[in-house]
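Chain residues, written in single-letter form:
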Amino acid sequence: NVDLNRSILDLWVGAFVAIGAPHEVVYASARRIVLMVTLALLLMLGLLLATGYGAERLVLRPLRRLTGAVRQLAAGNGGQRLAVDRDDEFGRLAGEFNRMAGRIQGQVDRIEAGRREMELLYNLVVEVGRNLEVPQVRGAVLKVLGDRMHFHRLLFCVEAADGSWSTEIRDA
């Protein structure tokens, strides 16, 4: 054991005081301080890693999934949906995204169906165009056009082989 009262040397040099102690005491104190600082840094690093993992899992992962789904929707993949597996803001956002994507897909489907129908009607008119002078064919075409296109009144003009024109107006 070291008698600290005897080993501490007080020297006054100008305005400075120098206190001396045995190396063993100084090193033991320094080791304790280094150990406590190291443990505190490791604890802070662990907390930082846990916070980062939690943020990635709770915030960044759902945002990445939503961003990917939005990109897919923008690229024309209207069937893209998100899993609604949370009861928080991200879960509600995923549900709203799914509803929006469904409405967009429904509108795209209706537009595509209308386009196909118009293409069929156009092909019908082109195919029967050679026989439009026959009143029964003309009447059938006018009926189909009126049923499909929802017009109030149709005007049908046909040029005959002799160069004359015949017209027919029908209420749909």
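Higher on the page you've got the structure.
Here the structure is a predicted model, which means the values were calculated and not measured.

So, how was this worked out
- Residues numbered from 1 in each chain as written.
- Predicted model: local features only at pLDDT ≥ 70, side-chain atom pairs only at ≥ 80, totals over all residues.
- Heavy atoms only, no water.
- Helix = DSSP H or I, 4+ residues; strand = E, 2+ residues; numbered from the N terminus.
- Buried < 20%, exposed > 50% of the residue type's maximum accessible area, 1.4 Å probe, protein only.
- Contact = heavy atoms within 4.5 Å.
- Core = buried A, V, L, I, M, F, W, Y, C linked by side-chain atoms within 4.5 Å.
- Salt bridge = Lys/Arg side-chain N within 4 Å of Asp/Glu carboxyl O.

**Some details on the overall build of the protein**
Right, on to step 1. From N to C terminus, the protein includes four helices and four strands.
Right, on to step 2. Helices (α) and strands (β) of the protein occur, in sequence order from the N terminus, as α-β-β-α-α-α-β-β.
Right, on to step 3. Per-residue burial for the protein yields a buried fraction of 16% across its 172 residues.
Right, on to step 4. When contacts within the protein are restricted to residue pairs at least 6 apart in sequence, long-range pairs at least 24 apart make up 31% of them.

**Considerations on the nonpolar core**
Right, on to step 1. With seven residues, the main nonpolar core is built from Leu66, Ala69, Leu73, Leu82, Ala94, Phe97 and Ala101.
Right, on to step 2. Among the secondary structure elements, those contributing two or more residues to this core are α2 (23-74) and α3 (89-128).
Right, on to step 3. Ignoring anything within four residues of it in the chain, the contact list for leucine 82 reads Arg65, Leu66, Ala69, Ala94, Phe97 and Asn98.

**Looking at the pattern of salt bridges**
Right, on to step 1. As enumerated under the stated definition, the model contains six salt bridges in all.
Right, on to step 2. Residue arginine 115 is joined to glutamate 112 by a salt bridge in which the shortest nitrogen-to-oxygen separation is 2.5 Å. Residue arginine 115 and its partner glutamate 112 are located together in helix α3, separated by three residues, close to a single helical turn.
Right, on to step 3. When its relative accessible area of 42% is taken as the criterion, arginine 115 is described as partly exposed.
Right, on to step 4. The structure contains a network of salt bridges with shared partners spanning Glu112, Arg115, Arg116 and Glu119.

**Details of the environment of arginine 65**
Right, on to step 1. Tracing the backbone shows arginine 65 in helix α2.
Right, on to step 2. On the basis of relative accessibility, which here comes to 41%, the residue arginine 65 falls in the partly exposed class.
Right, on to step 3. Separated by 29 residues in the primary sequence, arginine 65 and alanine 94 place their C-alpha atoms 9.4 Å from one another.
Right, on to step 4. Other than its neighbours up to four places away in sequence, arginine 65 contacts Leu82 and Asp85.

**A closer look at the environment of glycine 95**
Right, on to step 1. By the element assignment, glycine 95 lies in helix α3.
Right, on to step 2. By relative accessible area, glycine 95 is classed as buried at 10%.
Right, on to step 3. Each C-alpha atom, one on glycine 95 and one on aspartate 85, is 9.6 Å from the other, the two residues being 10 residues apart in sequence.

**Examining the side chain of asparagine 98**
Right, on to step 1. Position of asparagine 98 among the secondary structure elements: in helix α3.
Right, on to step 2. Among all residues touching asparagine 98, those that are not within four sequence positions of it are Arg81, Leu82 and Val84.

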